[in-house]
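One letter stands for each residue in the lines below.
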Amino acid sequence: MPGTTGTPPASPDAERCPCGTGDAYGACCGRYHRGEADAPTAEALMRSRYTAFALRDVPYLLRTWHPDDRPDEAEVDLDPDQRWVRLDVVETTAGGPFDDRGTVIFEARWRSTAAHADGAPARGVLRERSRFVRAAPEAPGAPRRWLYLDGELA
Ligand SMILES: [Zn+2]
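Now for a description of the structure that goes with this document.

This part is about the environment of arginine 134. Relative to the assigned elements, arginine 134 resides in strand E3 (residues 123-134). Sequence spacing of arginine 134 and alanine 115 is 19 residues, and the spatial spacing of their C-alpha atoms is 41 Å.

The subject of this paragraph is the pairing of E3. As defined by bridge partners, strand E2 (residues 101-112) adjoins E3 across 11 bridges and the pair is classed as antiparallel. Across the sheet, residue alanine 108 finds its bridge partner in E3, namely leucine 126. Two elements, E3 and strand E4 (residues 146-153), share seven bridges in a ladder whose sense is antiparallel. Counterpart to arginine 134 in the pairing with E4 is tryptophan 146.

Let's shift gears to the sheet that holds E2. Note: strands within a sheet are paired through backbone hydrogen bonds, in either parallel or antiparallel orientation. Here four strands make up an open sheet; going across it, the order is E1-E2-E3-E4 and the pairing antiparallel. The open sheet is flanked by strand E1 (82-94) and E4, the only strands paired with a single partner. Here the average twist between neighbouring strands, direction ignored, is 30°. One ladder, built from 11 bridges, connects E1 with E2; its direction is antiparallel. Within E2, the position partnered with alanine 94 by the bridge is glycine 102. Packing of helix H2 (residues 42-55) onto the sheet brings it into contact with E1, E2, E3 and E4, and relative to E1 it is tilted by some 170°.

Calculation criteria
Residues numbered from 1 in each chain as written. Predicted model: local features only at pLDDT ≥ 70, side-chain atom pairs only at ≥ 80, totals over all residues. Helix = DSSP H or I, 4+ residues; strand = E, 2+ residues; numbered from the N terminus. Pairing = 2+ DSSP bridges. Axes fitted to C-alpha atoms, helices over the stretch in contact; angles between N-to-C directions. Contact = placed C-beta atoms within 7 Å.

Next up, the structure:
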């Protein structure tokens, strides 16, 4: 089931950002998605990746994935019936501007619009502990970007 071929829903900059900060998308994760800025902390990157899942921005997911664990684009199979409806950051460890690593535990709530005759759940919560690292600079003097390394159910 190709989940990456759907057209991303329009997300006007003025709408509330899906990541739940309360800020408008254009002033929140939108800046990172457009490449105008890099997420300054592991938590900001985590939020922007959640928003990218919600908006089906696969290119952003790939470019914020550490090369060691980055899947091929064809492997990023987003469920077309799944809607991400709420993000709660539970705990963050390190991940600040002066750290090299960070961990974020979060809960992401979803709903499914699929038919549920087969007993599949209509909603659920993903609770994950994600690990982030700051990559080496891509050029001398360039900023070191936060990247998603991996995650496990928490
Ligand atoms: Zn956001």
